[in-house]
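# What the coordinates show
The chain contents come next:
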Amino acid sequence: QVQLVESGGGLVQAGDSLRLSCAASGRTFSSYAMGWFRQAPGKEREFVAAISLSGGITLHADSVKGRFTISRDNAKNTLYLQMNNLRPEDTAVYYCAQGLRADMKERSYDYWGQGTQVTVSS
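Notes on the structure follow. (Residues numbered from 1 in each chain as written. Predicted model: local features only at pLDDT ≥ 70, side-chain atom pairs only at ≥ 80, totals over all residues. Heavy atoms only, no water.)

### Considerations on the environment of Arg107
Here is the rule: Working definition: helices are DSSP H or I runs of at least four residues, strands are E runs of at least two. Numbering for both runs from the N terminus. Think of it in three bands: with a 1.4 Å probe and only protein chains considered, a residue is buried below 20% of the maximum accessible area for its type, exposed above 50%, and partly exposed in between.
Structurally, Arg107 is set in the loop between β9 (92-99) and β10 (109-112). Residue Arg107 is classed as exposed on the basis of its relative accessible area of 72%. Along the primary structure Arg107 and Val64 are separated by 43 residues, whereas in three dimensions their C-alpha atoms are 21 Å apart.

Spelled out as structure tokens, the structure:
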């Protein structure tokens, strides 16, 4: 049984930084691509970033490019999202996901974490 557990969310001010983590268990972490998605109240879930099995390829949504960085540590079975220069528009529940390929489509991921709340005040 796959488990993905996010942590690191919280309440911060605009311009601050946060580092989210996603601890994975239940299947071989290094055999799967990973992604981050987010969902704000009243909005659809949207793609944030994705990373290939070894971390050699990364994708970032235009809205976060240059501010957020996805990474992974396969030895620790952990996915990260470094978020810098946070904006109020970044306020959302952030979900990590595991799937077969690193892309922006939700259908590429078959397991999801419970989410962690990120709130950015102005």
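Back to the text.
### Points about the pairing of strand β8 (residues 78-83)
Rules: Strand pairing follows a simple DSSP-based rule, namely that at least 2 bridges must link the two strands.
Among the six residues of β8, five are classified as buried, and the element is accordingly described as predominantly covered. Bridging between strand β3 (residues 18-25) and β8 involves six bridges; their strand directions are antiparallel. Paired with Leu18 across the two strands is Met83, which belongs to β8. Of the strand pairs in this sheet, strand β7 (residues 68-73) and β8 are connected by six bridges, and their pairing is antiparallel. Considered in β8, the bridge of Ile70 is made with Leu81. A loop of four residues connects β7 with β8, the two strands running antiparallel in sequence, and Asn77 in this loop sits at a positive phi of about 55 degrees.

### Some thoughts on unusual backbone geometry
You will see that Asn77, though not glycine, has its phi angle at about 55 degrees, which is positive. Note that Asn77 resides in the loop between β7 and β8. With a phi close to 50 degrees, Asn85 is a non-glycine residue in the positive phi region. For Asn85, a relative accessible area of 41% translates into the label partly exposed.

In short, geometric facts, not functional conclusions.
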